[in-house]
Amino acid sequence: SPLRHQIRTVALFHDLKGYAIGSIEGRVHIHHYAEADAKSNFAFKCHRDPNNQDIYAVNQIVFHPTWGTFCTVGSDGTFNFWDKEAKQRLRGFPRLQNSISSADFSYDGDVFGYTVAYDWSRGYEPRSGEGESTWLHVVQESELRPRQRRSSQGPPQ
């Protein structure tokens, strides 16, 4: 594995040309199958608290069925939309009171559903079940549409 710590999730690109894996270390690795695309493979850090350096697991990665952009959900209680081609986050969402344990897009990509629940990332803890819920987010095109890539050929004429 290109990641040093335990893999928690794997997702195929929507075009089936590669995959993304997420780890308990709060990292995602993007891998393309074709040798010609190997230069596009990369890893990045996510699901981390910048204030105290806490690192959280990436619980799931899901690709949007139309745009090919993707979402990561984590033990930190956040979800983020990403553009793998531009190598940047498209949108981050506020932290919730519990981990996000699973997620998926609807078949047409118009709705993003996720479950907020304890994911055992902190080991055994007596818990009351408070804060466990399932949510639906109506996706706006501007949240997931890939960013325009800048051309190195100069401005359009």
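See the structure shown above.
Residues numbered from 1 in each chain as written. Predicted model: local features only at pLDDT ≥ 70, side-chain atom pairs only at ≥ 80, totals over all residues. Heavy atoms only, no water.

Draft legend 1. Fine view of the sheet that holds strand β4 (residues 42–45). With antiparallel pairing, the four strands of this open sheet are ordered in space as β1-β2-β3-β4. Single-partner strands in this sheet number two, and they are β1 (7–12) and β4. Neighbour-to-neighbour, the strand axes of the sheet open up by a mean angle of 15°, direction not taken into account. The pairing of β1 with strand β2 (residues 18–23) spans five bridges and is classified as antiparallel. Among the inter-strand pairings, leucine 12 is bridged to a residue of β2, identified as tyrosine 19. (Pairing = 2+ DSSP bridges. Helix = DSSP H or I, 4+ residues; strand = E, 2+ residues; numbered from the N terminus. Axes fitted to C-alpha atoms, helices over the stretch in contact; angles between N-to-C directions.)

Draft legend 2. Spatial organisation of the pattern of salt bridges. Evaluated as defined, the whole model comprises five salt bridges. In this structure, arginine 27 engages glutamate 25 in a salt bridge whose closest nitrogen and oxygen atoms are separated by 3.2 Å. Of the residues examined, arginine 27 reaches a relative accessible area of 18% and is grouped as buried. According to the relative accessible area criterion, glutamate 25 is buried, its value standing at 12%. For arginine 91, the salt bridge is made with glutamate 143, and the minimal N-O distance between the two is 2.2 Å. Of this pair, arginine 91 sits in strand β8 (residues 88–92) while glutamate 143 sits in helix α1 (residues 141–144); the two residues are 52 residues apart in sequence, bridging distant segments of the chain. In this structure arginine 91 comes out as partly exposed when scored by relative accessible area, which is 33%. When its relative accessible area of 6% is taken as the criterion, glutamate 143 is described as buried. (Salt bridge = Lys/Arg side-chain N within 4 Å of Asp/Glu carboxyl O. Buried < 20%, exposed > 50% of the residue type's maximum accessible area, 1.4 Å probe, protein only.)

Draft legend 3. How the structure looks around the packing of aromatic side chains. Counted according to the given criterion, the structure contains 15 aromatic pairs. Between the aromatic rings of phenylalanine 81 and phenylalanine 105, the centroid separation amounts to 6.1 Å while the plane-to-plane angle is 40°, which identifies the pairing as tilted. Remark: phenylalanine 105 occurs in strand β9 (residues 100–105) and phenylalanine 81 occurs in strand β7 (residues 79–83); sequence separation between them is 24 residues. Here phenylalanine 81 and phenylalanine 105 have matching classes, each one buried. Through successive ring pairs, a cluster of aromatic residues spans Phe13, Phe42, Phe44, Phe63, Phe70 and Trp82. One residue, lysine 84, lies across the ring of phenylalanine 13, its end atom 4.3 Å from the ring centre. (Phe/Tyr/Trp six-rings, centres within 6.5 Å; stacked < 30°, edge-to-face > 60°. Lys NZ or Arg CZ within 6 Å of the ring centre and 35° of its normal.)

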